[in-house]
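Examination of the molecular architecture
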2 protein chains.
Amino acid sequence: MPATPPSDKALVPFVSVENMMKLVHHIGIEPMLRGLADYIEQDFRRWDLFDKTPRIASHSTEGVIELMPTSDGEVYGFKYVNGHPKNTRNGLQTVTAFGLLADVSNGYPVLLSEMTVLTALRTAATSGMVAKHLAPKGADTMAMIGNGAQSEFQSLAMKAICGLTSVRLWDIDPAATHKTAHNLKGLGLNVHVCDSAESAMEGAQIITTCTADKQYATILTDNMIGSGVHINAIGGDCPGKTELAPGVLHRSDIFVEYPEQTRIEGEIQQLPPDHPVTQIWEVINGTKPGRTSAGQIILFDSVGFAIEDFSALRYVRDHIGGTDLYLPLDLLADPDDPRDLFGMVQRAAPVA
Amino acid sequence: MPATPPSDKALVPFVSVENMMKLVHHIGIEPMLRGLADYIEQDFRRWDLFDKTPRIASHSTEGVIELMPTSDGEVYGFKYVNGHPKNTRNGLQTVTAFGLLADVSNGYPVLLSEMTVLTALRTAATSGMVAKHLAPKGADTMAMIGNGAQSEFQSLAMKAICGLTSVRLWDIDPAATHKTAHNLKGLGLNVHVCDSAESAMEGAQIITTCTADKQYATILTDNMIGSGVHINAIGGDCPGKTELAPGVLHRSDIFVEYPEQTRIEGEIQQLPPDHPVTQIWEVINGTKPGRTSAGQIILFDSVGFAIEDFSALRYVRDHIGGTDLYLPLDLLADPDDPRDLFGMVQRAAPVA
């Protein structure tokens, strides 16, 4: 008997890097950032529903490989992500990622997707969504400190979601700034190349830090931060890596995604474990105040949480229908009779 | 500038269900079972090297979705597997699985593979490898209690690895036994269809139990078990699911994969947490005795462990080279300049 082709249930839609990039252009990067921010906000609003587990990390001397699972009771998702700081020396990415969604009711995967590009988008969308809630009203200028892979995404997300009109770039490496300025050309933002972190902050109501060194760095010192700003601290995301001077933390009201994780990985690893923080989801659903005065310094100590990946995968799942931007992957065995897996294998034998 | 195709580093070999079945026929099922058993034995021999974590489970009322990661310090692997007992009512598999290997030194995935078929093979190969070490010398007859999806794989693994010549089938559902007997026809085993568990055990030196009900069942009662047998208990693999009467456990010397997991999921969940067990890997590397007398009753309380999946994925990785049985999957973003992810996305824009 010839092998029968797999049924629809056995085929998992796969979004490759190439198709993810096509999806970005199909939707448009700013509408997609806004859409992702909406999905993330929806999921933050129903935070209590989620099964929240700290990421499961496998550490080595060279880096870390992590699995970040979560579930809302109907859909299960996880992201695979690595972090290998020395990879760039060999022409490899520091971080690569992919993710999966599955149906909780039967355990069958429903989406497999690249997540290197998608994580860049969701990180920026999260920053924009949080700034919409916490940045000073009318904020139109951002200092972008650290002009690596995330900098253009951050700039466009703040434009798309918060109405940013100007971005002021600075990086310790002028080539990085040049790259970011070049990439942002013609995309509707006034781009200023600055020669110091201090000058980048002139007139900025939003300050985004996104640097890469794994150390206790001091990108922002206490005297650099004026009243009323929104600090969007993206780059610190593991133990032993921070970007802000403790003085800045003490002058700020601090907002986080998931305190259990942020206290290990975020800027607040520098603070006592009982230092008060507010969870973003409580601001979004109205149970805790966000910004309460114009002079208040607000710090979003962002580390990235599994629910944001879940939201991003949901967004992709909901937007690939009717496109040819996915490949049906024969990932699941699907015998006609579930007890007859062996018979399925036998029937796949080449015809003699 | 047109988008450049992804580099080799960005492409992850993917083995679909169809290609896994072709690989089985390309290698031959018995040589493949022996090869898998060798890989598993190699990895059990270096057990101490492995990063061992209990599986990470997401439970729901309908079932469970689990991630099973491990690493030997050079290669990282994980398996995604679900367990949804009611799935068969809807024509779906109770268990589906896929797995991944990655390079610990840079975090890049090196293999993505279906694991529904592969798990069936590795489970049988593990049983065969363990029976080779612990079954009575010259064992040639197996009682196969429970004739579901695993039964043919178990029978052939015992033939390929331990020299089994006869299998005695019994299942509460005669249709299941008929299916297994039909599938095993012409594969070199004497197949006996039996009308009770007791009659299946006549003359059998190896007794394999592999039943599916999630309950404290008693497939084997104390009076059914004569001296000297090797009991290969496969089917109990979660809390609340066992197959053997406590009396059988008390008369047996018990061997397990990973006690921390087996005490939760295996037959020994019925015993006090300090009941003595021997780890298989200690028998294989010679630090603990295996079978010490012909009359000894040995129980392999098998639950399946992440290292077996790791071994199976290594085997597949090492055997797809030079074949066309995999698809290079564009899973990882690979910009020319790792800091220029945005530029890579921009260059993928459709030409106007």
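Everything numeric here is computed off the predicted structure, so don't read it as measured data. (Residues numbered from 1 in each chain as written. Chains lettered and ligands numbered in written order. Predicted model: local features only at pLDDT ≥ 70, side-chain atom pairs only at ≥ 80, totals over all residues. Heavy atoms only, no water.)

Moving on to the overall build of chain A. On a plain count of helices and strands, chain A comes out with 11 helices and 18 strands. Here chain A has a C-alpha radius of gyration of 22 Å; the compact-globule value for 352 residues is 20 Å, and the two agree. Seen along its three principal axes, the alpha-carbon backbone of chain A occupies a region of about 80 × 45 × 40 Å. Expressed as a percentage of its 352 residues, the buried residues of chain A come to 62%. Within the structure as shown, chain A displays about 13100 Å² of accessible surface, and the carbon and sulfur contribution to it stands at 53%. (Helix = DSSP H or I, 4+ residues; strand = E, 2+ residues; numbered from the N terminus. Rg over C-alpha atoms; globule rule 2.2 N^0.38 Å. Buried < 20%, exposed > 50% of the residue type's maximum accessible area, 1.4 Å probe, protein only. Areas by Shrake-Rupley, 256 points an atom, 1.4 Å probe, with all protein chains shown as cover.)

Bringing helix α10 (residues 306–319) of chain B into the picture now. Residues and elements named next belong to chain B. Here α10 is 14 residues long and its end C-alpha atoms lie 20 Å apart, about the 20 Å a rise of 1.5 Å per residue gives. Burial analysis of α10 places 11 of its 14 residues in the buried class, which makes it a mostly covered element. By the burial criterion, the buried members of α10 are A306, I307, E308, D309, F310, S311, A312, L313, R314, Y315 and V316. (Expected span 1.5 Å × (residues − 1).)

Attention now moves to the nonpolar core. Residues and elements named next belong to chain B. Formed by 76 residues in total, the largest nonpolar core has its most connected members in M32, V117, L118, L121 and F153. Tallying contributions element by element places helix α3 (residues 116–134) first for this core, with 10 residues. Counting residues domain by domain, this core receives three or more from each of domain 1 (8–117 + 307–347) and domain 2 (124–305). With near-sequence residues (within four places) excluded, M32 lies in contact with M20, L23, V24, I27, L118, L121 and Y315. (Core = buried A, V, L, I, M, F, W, Y, C linked by side-chain atoms within 4.5 Å. Domains from an automatic or database assignment. Contact = heavy atoms within 4.5 Å.)

This next bit is on the sheet that holds strand β9 (residues 166–170) of chain A. Strands in a sheet are paired, the pairing made by backbone hydrogen bonds, and the direction either parallel or antiparallel. All names here are of chain A. Here 8 strands make up an open sheet; going across it, the order is β10-β9-β8-β11-β13-β17-β15-β16 and the pairing parallel. Strands at the two margins of the open sheet, each flanked by one partner only, are β10 (190–193) and β16 (278–279). Bridge count between strand β13 (residues 230–233) and strand β17 (residues 297–301): 4 bridges; the pairing is parallel. Following the sheet pairing, H230 is matched in β17 by I298. Of the strands in this sheet, β9 and β10 touch helix α5 (residues 174–184), which is tilted by about 155 degrees from β9. (Pairing = 2+ DSSP bridges. Axes fitted to C-alpha atoms, helices over the stretch in contact; angles between N-to-C directions.)

Here we take up the interface of chain B and chain A. Taken together, the contacts link 77 residues of chain B with 77 residues of chain A. Across the chain B/chain A interface, buried area totals approximately 6700 Å², and carbon plus sulfur atoms make up 69% of it. Counting the contacts that link chain B with chain A gives 2 salt bridges. A salt bridge links R339(B) to D173(A); the shortest N-O distance between them is 2.8 Å. On inspection of chain B and its partner chain A, the count reaches 34 residue pairs in polar contact (both at pLDDT 80 or more). Among the elements that make up the side of chain B that touches chain A, the one with the highest residue count is helix α11 (residues 341–347) of chain B (6 residues). Class assignment for the residues of the side of chain B that touches chain A results in 43 nonpolar, 21 polar and 13 charged. (Buried area = accessible area lost by both parts, 1.4 Å probe. Salt bridge = Lys/Arg side-chain N within 4 Å of Asp/Glu carboxyl O. Polar contact = N/O pair within 3.5 Å; in protein donor to acceptor, adjacent residues only side chain to side chain. Nonpolar A, V, L, I, M, F, W, Y, C, P; charged D, E, K, R; others polar.)

To continue, consider the relation of the copies chain B and chain A. Least-squares fitting of chain B to chain A yields an RMSD of 0.0 Å, with the superposition described by an axial translation of 0.0 Å and a rotation of 180 degrees. The transformation just described matches what one would write down for a two-fold rotation axis. (Least-squares fit on C-alpha atoms with pLDDT ≥ 70 in both.)

All names here are of chain A. Domain assignment breaks chain A into domain 1 (8–117 + 307–339) and domain 2 (133–304). A straight line from the C-alpha centre of domain 1 to that of domain 2 covers 25 Å. The interface of domain 1 with domain 2 comprises 14 residues on the first partner and 19 residues on the second. Carbon and sulfur atoms supply 64% of the area buried between domain 1 and domain 2, which totals about 1600 Å² over both sides. Remark: the boundary between domain 1 and domain 2 carries 1 salt bridge. The salt bridge partner of K159 is E30, with a shortest N-O separation of 2.8 Å. Across the domain 1-domain 2 interface, the total number found is 4 residue pairs in polar contact (both at pLDDT 80 or more). Ranked by residue count, the leading element in the side of domain 1 that touches domain 2 is helix α2 (residues 29–45), at 8 residues. Looking at the side of domain 1 that touches domain 2, its residues break down into 6 nonpolar, no polar and 8 charged.

Take the packing of helix α3 (residues 116–134) of chain A against helix α10 (residues 306–319) of chain A next. Residues and elements named next belong to chain A. For the pair α3 and α10, interaxial distance at closest approach is 10 Å and the crossing angle is 115 degrees. Classified by the angle between their axes, α3 and α10 sit roughly perpendicular to one another. Considering the relative orientation of α3 and α10, their crossing is right-handed. Judged by residue contacts, L118, T119, R122 and T126 of α3 engage E308, D309, A312, L313 and V316 from α10. Of the residues belonging to the contact of α3 with α10, the class tally is 4 nonpolar, 2 polar and 3 charged. (Parallel < 35°, antiparallel > 145°, perpendicular 65-115°, else oblique. Left-handed = near helix turned anticlockwise from the far one by under 90°.)

What follows concerns the pattern of salt bridges. The tally for this structure, following the rule as stated, stands at 32 salt bridges over all chains. Among the charged side chains, a network of salt bridges with common partners joins D43(A), R46(A), D72(A) and R314(A).

Residues and elements named next belong to chain B. Across the 6 residues that make up strand β7 (residues 109–114), a large majority, 5, are buried. Here strand β1 (residues 11–15) pairs with β7 via 2 bridges, running parallel. Bridging from a neighbouring strand, F14 pairs with L112 of β7. Here strand β6 (residues 97–103) runs beside β7; their pairing, made up of 5 bridges, is antiparallel. Its bridge partner lying in β7, G99 is registered against S113.

A few words on the side chain of Q154(A). Residue and element names in this part refer to chain A. As for its placement among the helices and strands, Q154 is situated in helix α4 (residues 151–162). Note on Q154: relative accessible area 0%, which makes it buried. Apart from residues lying up to four places away in sequence, Q154 is in contact with T123, A124, S127, M142, M144, T208, N232 and I234.

To continue, consider the sheet that holds strand β17 (residues 298–301) of chain B. All names here are of chain B. Strand order in the open sheet formed by 8 strands is β10-β9-β8-β11-β13-β17-β15-β16, with parallel pairing between adjacent strands. Each edge of the sheet is formed by a strand with only one pairing partner; in this case those strands are β10 (190–193) and β16 (278–279). Sheet strands in contact with helix α5 (residues 174–184) are β9 (166–170) and β10, and its direction is about 160 degrees off that of β9.

Turning our attention to helix α4 (residues 151–162) of chain B. Residues and elements named next belong to chain B. With 12 residues, α4 extends 16 Å between its outermost C-alpha atoms, agreeing within 8% with the 16 Å of an ideal straight helix rising 1.5 Å per residue. By the criterion of burial, α4 is predominantly enclosed, with 10 of the 12 residues buried. Here α4 has its buried residues at S151, E152, F153, Q154, S155, L156, A157, M158, A160 and I161. Of the residues one or two after α4, G163 is the one with positive phi, at around 75 degrees.

We now examine the environment of V24(B). Residue position: V24(B) is located in helix α1 (residues 17–27). Remark: the alpha-carbon pair of V24(B) and V316(B), spanning 292 residues in sequence, is separated by 10 Å. With residues near it in sequence (within four places) discarded, V24(B) still touches V345(A), I29(B), M32(B) and L121(B).

Now for the packing of aromatic side chains. Within this structure, the stated rule accounts for 25 aromatic pairs over all chains. A centroid spacing of 5.5 Å and a plane angle of 90 degrees characterise the contact between F78(A) and F78(B), whose relative ring orientation is edge-to-face. Separated into two different chains, F78(A) in strand β5 (residues 75–83) and F78(B) in strand β5 (residues 75–83) make up a pair that spans both. Among the residues examined, F78(A) registers a relative accessible area of 1% and is labelled buried. Plain terms: the ring middles of Y80(A) and F98(A) are 5.0 Å apart, the flat faces sit at 20 degrees to each other, and that makes the pair stacked. Residue Y80(A) is found in strand β5, and its partner F98(A) is found in strand β6 (residues 97–103); the two are separated by 18 residues along the sequence. Of the two residues, Y80(A) and F98(A), neither departs from the other in class, the shared state being buried. Through a chain of ring-to-ring contacts, the aromatic side chains of Y76(A), F78(A), Y80(A), F98(A), Y76(B), F78(B), Y80(B) and F98(B) assemble into a single cluster. (Phe/Tyr/Trp six-rings, centres within 6.5 Å; stacked < 30°, edge-to-face > 60°.)

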